[in-house]
Amino acid sequence: MNNLFTNTGSSSFTEFLRGYAPEMLPGNRDALPAPVGEQIPHATTIVAVTCAGGVVMAGDRRATSGNMISNRDMEKVFRTDEYSCMGIAGTASTGIEMARLYQVELEHYEKLEGRSLSTEGKANRLATFVRQNLGAAMQGLVVVPIFAAYDEKIDGGRIFGYDVGGGPYEHHLYHSIGSGSIFARGSLKKLYRENASPDEVVLTVLQALYDAADDDSATGGPDVTRRIWPVVAVITADGYRRLPEEEVSAAVETILSGRMIDPDGPTAPLR
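In the annotation of an unreviewed UniProt entry, the entry for the chain reads Proteasome subunit beta, and the organism field reads Herbidospora solisilvae. Within the UniProt record for the chain, the comment given under Catalytic activity (unreviewed entry) is "Cleavage of peptide bonds with very broad specificity." Per UniProt, the chain has the following entry under Function (unreviewed entry): "Component of the proteasome core, a large protease complex with broad specificity involved in protein degradation."

Below, the structure is given as structure tokens:
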């Protein structure tokens, strides 16, 4: 044993590793366990799009742990009060806890003050939750939410995104977060139409999620065999409404019928 430490030759060190830490040998390092942050289930793609008189948010249902699918029917879109909702991307457990605490925070404020926070107030309050998670985020437990609300001042929808430090940024028209966001956003650039009806925007967000799942393995597309559909929420002056599975299923069937003819989906007309 002493010879292994006193002899600095590479062959002796290799023998030491072979006997006491074979996973550190070249070629065996792939056997090392993944960092804890990668082993915890992660939520992926969320999209939010403004529509005539409100906003629509949708999220896929897949959660991943590294390259493994850890959950096929996770819910990532949460009602936060009567006129707002949030979606999460990143560490699933931390994101779910953040959404629940944020919902309680808004309810507590409304009971104390007898009124709800303004849309800006809600967005800024969520920013503090993200900022409070910065220490955990530096250790790999990152959560990045997206917030959407109906704002009666403008009689329309508003969307806010966040960085890992909690900075709130308003995004006009549409926004997407998560591993498939770059593909979803590309789809929205083609399909978004200002002042479209909520029903039309529901089809738009589902098309965007389909495109994201087509190119991002961590994003789950509609699971027809298991009948697992994306979560879709519509917020207007009438309040928050989560679409029932029957409506989402019908919209998905429409999209799949079109994709059978054109696998890449609808295209935007050139002007």
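So that's the structure; there's more coming.
Quick notes on the UniProt feature "active site" (unreviewed entry) in the chain
With numbering matched to this structure, UniProt assigns "active site" (unreviewed entry) to Thr44. Residue position: threonine 44 is located in the loop between strand E1 (42-43) and strand E2 (46-51). For threonine 44, a relative accessible area of 3% translates into the label buried. In this structure, threonine 44 is in contact with Asp60, Arg62, Lys76, Ile88, Ala89, Ile177, Gly178, Ser179, Ala218 and Thr219, ignoring residues within four places of it in sequence.

Some details on helix H4 (residues 92-113)
Here H4 contains 22 residues, and its C-alpha end-to-end distance of 32 Å stays within 8% of the 32 Å for a straight helix at 1.5 Å per residue. All buried positions along H4 are accounted for by Ala92, Thr94, Gly95, Met98, Ala99, Tyr102 and Leu106. One side of H4 carries all its buried residues, which in axial view fall inside an arc of 155 degrees. Looking at H4, the residues exposed on the side facing more than 90 degrees away from the buried face are Arg100, Lys111 and Leu112. On its buried side, H4 packs onto E1, strand E6 (77-81), strand E7 (84-91), helix H5 (119-132) and strand E8 (143-151). Phi turns positive one or two residues past the end of H4, at glycine 114, with a value near 75 degrees.

A closer look at a nonpolar patch on the surface
On the surface, a nonpolar cluster with roughly 280 Å² of combined accessible area is contributed by Leu134, Met138 and Val164. Following the sequence through the fold, leucine 134 ends up in helix H6 (residues 134-138). Note on leucine 134: relative accessible area 32%, which makes it partly exposed.

Focus on the sheet that holds strand E11 (residues 174-177)
Two strands in a sheet stick together by hydrogen bonds in their backbones, pointing the same way (parallel) or opposite ways (antiparallel). Across the sheet, which stays open at both edges, the five strands sit in the order E11-E2-E3-E12-E13 with antiparallel pairing between neighbours. The open sheet is flanked by E11 and strand E13 (239-242), the only strands paired with a single partner. Across the sheet, the mean angle from the axis of one strand to that of its neighbour is 15 degrees, orientation sign disregarded. Sheet topology places E2 next to E11; four bridges connect them, and they run antiparallel. Residue pairing for E11: valine 49 is matched across the bridge by tyrosine 174. The strands touched by helix H8 (residues 198-215) are E2, strand E3 (54-59) and strand E12 (231-236); relative to E2, the strand with the most contacts, the crossing angle is about 155 degrees.

Cut-offs applied
Residues numbered from 1 in each chain as written. Predicted model: local features only at pLDDT ≥ 70, side-chain atom pairs only at ≥ 80, totals over all residues. Heavy atoms only, no water. UniProt positions renumbered as here; feature names shortened; annotations may be inferred. Helix = DSSP H or I, 4+ residues; strand = E, 2+ residues; numbered from the N terminus. Buried < 20%, exposed > 50% of the residue type's maximum accessible area, 1.4 Å probe, protein only. Contact = heavy atoms within 4.5 Å. Expected span 1.5 Å × (residues − 1). Arc of directions from axis to C-beta. Patch = residues over 30% accessible without salt bridge, like charges linked within 9 Å, V, L, I, M, F, W, Y side chains within 5 Å. Areas by Shrake-Rupley, 256 points an atom, 1.4 Å probe, with all protein chains shown as cover. Salt bridge = Lys/Arg side-chain N within 4 Å of Asp/Glu carboxyl O. Pairing = 2+ DSSP bridges. Axes fitted to C-alpha atoms, helices over the stretch in contact; angles between N-to-C directions.

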